[in-house]
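Spelled out, the chains give:
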Amino acid sequence: MAEKSMAPSRSVLELIIVNNTSLYFMPNFKREQIILPTYPSEDLNFPSLKPIESDGQVSTSTKKTSSVGQKMNVASDPTRALLRVFMYDLPPEFHFGLLGWKGSVNQTWPEVDNPKNIPRYPGGLNLQHSVEYWLTLDLLLSNTAKVGKPCTAIRVQNSSQADVIFLPFFSSLSYNRYSKINGEEKISINKMLQDRLVHFLMGQKEWQRSGGKNHLIVAHHPNSLLDARRKLGSAMLVLADFGRYPVELANIKKDIIAPYRHLVGTIPRAKSASYEERSTLVYFQGAIYRKDGGAIRQELYYLLKDEKDVHFTFGSIGGNGINQASHGMAMSKFCLNIAGDTPSSNRLFDAIVSHCVPVIISDEIELPFEDVLDYSEFSLFVRATDAIKKGYLLNLLHSIKREEWTKMWERLKEITHHFEYQYPSQPGDAVNMIWQEVARKVSSVQFNSHRKNRYQRSQLHLNTN
């Protein structure tokens, strides 16, 4: 018998609007007011509501990974979707309310079939960790036929029909905007949201039934969900890397590595500069003095800063920083992706969409979609111990001649669309690829669960006799 949808009822989670301030309460909780500060609208830059333009070519990897749901402009059929997803109807304070959105009374979600009604996501560095935003929009859109999208993941209203259960908490945005304690607050809004989220989940049948193993939680910023991650670590996590997680909490067997949302603009294939047109051999612009594993940046800076055809300088996104980086990468043959405070950064994905061959110097890095993408076809990997040897890195890069570089450059142009976050999602883009990765993880979890159940029945009978 089908179970009823487990969306929070008013008896579990109550939302009240008072003078444009949102209040929500849970059983046995002291009624506390959560005031979300208003941010200026000009800060909310939405990258694009239109699909990224394509030259009509489909890469081999897209053909391999996008075989399901290519029919567009029709509502997805749950029986044909690759992944059926149940999404909790959490109050707006956990998602679009963090963007300043206020719907009508009892309205949980914005009307996503009209782009004008969709709250914009903040620009700058906020944007790089916006994964939960794009996934949530994709699920909300999956039941409408007004805007075409791949039928890869579809939202179902009955949790018993779902392959995975999605938690729509904008955890990275919550950390970036609400982790500081303001005024007379005793705890930050970010921590308060996490505490109440844990309390809510622990009371749900879906969580209790599987211990959270069938839940999908996005925590892409390395400091997001910092207070709740140990209690929610049994879930499938969508992360940028594992740098700040113990292996028992997050690992490649159960969790997913998602790409950063790149900050520089994508270079169209037809306008991508060739080998001869790229005057700079190797490019790096960013923070140089980092802690932990990122100390290698400083060593490389002193090795390379005065070398010919090398651009290695400090830089930030402030001022004209993004435009400078975009131009610099687009006119460079190789772009360094060096470990910083964490093993990963958005710099790798900026390089990919600039068709600048990435040179990855980060021994602990995990890469998105590596089970279907061979990064060695379009990137170079250099061990940190080798990179800091005098002359090693430049000798390696000089040894790669035009023909070999061009082969990697051509492959970069083929796979760039796999790292594009867009609305509506398109076949083979970042949103689509993440859902496919989730489907593969779910299948693997089910496989392991079934293997463990092999002797369960016979053991049960032995114990009862």
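Quick note: structure is the one above.
Residues numbered from 1 in each chain as written. Predicted model: local features only at pLDDT ≥ 70, side-chain atom pairs only at ≥ 80, totals over all residues. Heavy atoms only, no water.

Comments concerning the overall build of the protein chain
1) Next: Along the protein chain, the regular secondary structure elements total 14 helices and 13 strands.
2) Next: Expressed as a percentage of its 465 residues, the buried residues of the protein chain come to 53%.
3) Next: Summarising the internal contacts of the protein chain: among those between residues at least 6 apart in sequence, 70% fall at separations of at least 24.
4) Next: On the protein chain, roughly 22,000 Å² of surface is accessible, and the fraction owed to carbon and sulfur atoms is 49%. (Helix = DSSP H or I, 4+ residues; strand = E, 2+ residues; numbered from the N terminus. Buried < 20%, exposed > 50% of the residue type's maximum accessible area, 1.4 Å probe, protein only. Contact = heavy atoms within 4.5 Å. Areas by Shrake-Rupley, 256 points an atom, 1.4 Å probe, with all protein chains shown as cover.)

Digging into the sheet that holds strand β10 (residues 310–314)
1) Next: Taken in spatial order, the five strands make up an open sheet running β10-β9-β11-β12-β13, and their pairing is parallel. Of all strands in the sheet, those with a lone pairing partner are β10 and β13 (380–381), marking the two edges.
2) Next: Pairing between strand β11 (residues 332–338) and strand β12 (residues 357–361): five bridges, direction parallel. Looking across to β12, one finds that F334 is bridged to V357. (Pairing = 2+ DSSP bridges.)

Looking at the state of the cysteines
1) Next: Per the counting criterion, the structure on display carries one disulfide.
2) Next: Each sulfur of the disulfide joining C335 and C356 lies 2.2 Å from the other. Linking C335 and C356, the disulfide has an S-S dihedral of approximately 105 degrees and is accordingly described as right-handed. With a gap of 21 residues between them, C335 in strand β11 and C356 in the loop between α9 (347–353) and β12 connect regions that are remote in the sequence. Like C356, C335 is buried. (Disulfide = S-S within 2.5 Å.)

Some details on the packing of aromatic side chains
1) Next: For the structure on display, the rule yields 21 aromatic pairs.
2) Next: Considering the side-chain rings of Y133 and F170, the 6.2 Å spacing of their centres and the 75 degrees angle between planes classify their relative orientation as edge-to-face. Pair noted here: Y133 is in helix α2 (residues 131–141) and F170 is in the loop between β5 (164–167) and α3 (171–178), with a separation of 37 residues, a long-range link. As far as the burial class goes, Y133 and F170 line up, both buried.
3) Next: Counting every residue linked through ring pairs, the aromatic cluster contains F96, W109, Y121, Y133, W134, F170 and Y421.
4) Next: Across from the ring centre of Y245, 4.0 Å away, lies the NZ or CZ of R229, which sits over that ring.
5) Next: In this arrangement the basic side chain of K413 is found over the ring face of W409, its NZ or CZ atom lying 3.5 Å from the centre. (Phe/Tyr/Trp six-rings, centres within 6.5 Å; stacked < 30°, edge-to-face > 60°. Lys NZ or Arg CZ within 6 Å of the ring centre and 35° of its normal.)

Description of the packing of α3 against helix α4 (residues 189–202)
1) Next: Their axes nearest at 8 Å, the elements α3 and α4 cross at an angle of 150 degrees. The segment α3 lies against α4, with S174, Y175 and Y178 engaging I189, N190 and L193.
2) Next: Within the contact of α3 with α4, the residues separate by chemical class into four nonpolar, two polar and no charged. (Axes fitted to C-alpha atoms, helices over the stretch in contact; angles between N-to-C directions. Nonpolar A, V, L, I, M, F, W, Y, C, P; charged D, E, K, R; others polar.)

Re the pairing of strand β4 (residues 153–156)
1) Next: Neither face of β4 is left uncovered, since the one carrying A153 and R155 and the one carrying I154 and V156 both have all their residues buried.
2) Next: Note that strand β3 (residues 83–87) and β4 share four bridges and pair parallel. Each residue of the ladder has a partner; that of V85, found in β4, is R155.

Things to note about the nonpolar core
1) Next: Ranked by size, the top nonpolar core spans 112 residues in total, and within it F312, F334, L336, W435 and V438 carry the most contacts.
2) Next: What W435 contacts, discounting residues up to four positions off in sequence, is L83, V85, L135, D138, L139, T152, A153, F166 and L216.
3) Next: Counting eight residues, the second largest nonpolar core, distinct from the first, contains V264, Y283, M329 and V353. (Core = buried A, V, L, I, M, F, W, Y, C linked by side-chain atoms within 4.5 Å.)

With respect to α3
1) Next: Within α3, six of the eight residues are buried, which leaves the element mostly enclosed by the surrounding structure.
2) Next: Every buried residue of α3 is accounted for by S171, S172, L173, S174, R177 and Y178.

A closer look at unusual backbone geometry
Leaving glycine aside, a negative phi is the common case for residues, and trans is the common case for peptide bonds.
1) Next: In the segment running from Y423 into P424, the intervening peptide bond is cis, with an omega of -5 degrees.
2) Next: With respect to the helices, strands and loops of the structure, P424 is situated in the loop between α12 (402–415) and α13 (430–452).
3) Next: For N106, which is not a glycine, the phi torsion comes out positive at approximately 70 degrees.
4) Next: Its location among the elements puts N106 in the loop between β3 and α2.
5) Next: Judged by relative accessible area, which is 54%, N106 ranks as exposed.
6) Next: The phi dihedral of F369 falls on the positive side, at around 60 degrees, and the residue is not glycine.

Describing the sheet that holds strand β7 (residues 236–239)
1) Next: Strand order in this open sheet of six strands is β4-β3-β5-β6-β7-β8, and the pairing throughout is parallel. Only two strands of the sheet have a single partner each, and these edge strands are β4 and β8 (256–257).

Quick notes on the pairing of β12
Taken residue by residue, a regular strand's side chains alternate between the two faces of the sheet.
1) Next: With respect to burial, β12 is a largely interior element, five of its five residues being buried.
2) Next: Of the two faces of β12, the one carrying V357, V359 and I361 and the one carrying P358 and I360 are both buried.
3) Next: After leaving β11, the chain enters α9 and then returns to the sheet as β12, a path that is right-handed. (Right-handed = clockwise from strand over helix to strand, strands pointing away.)

Thoughts on helix α7 (residues 296–304)
1) Next: I296, R297, L300, Y301 and L304 are the residues of α7 that are buried. Considered in projection along α7, the buried side chains sweep an arc of 140 degrees and stay on one side of the axis. (Arc of directions from axis to C-beta.)

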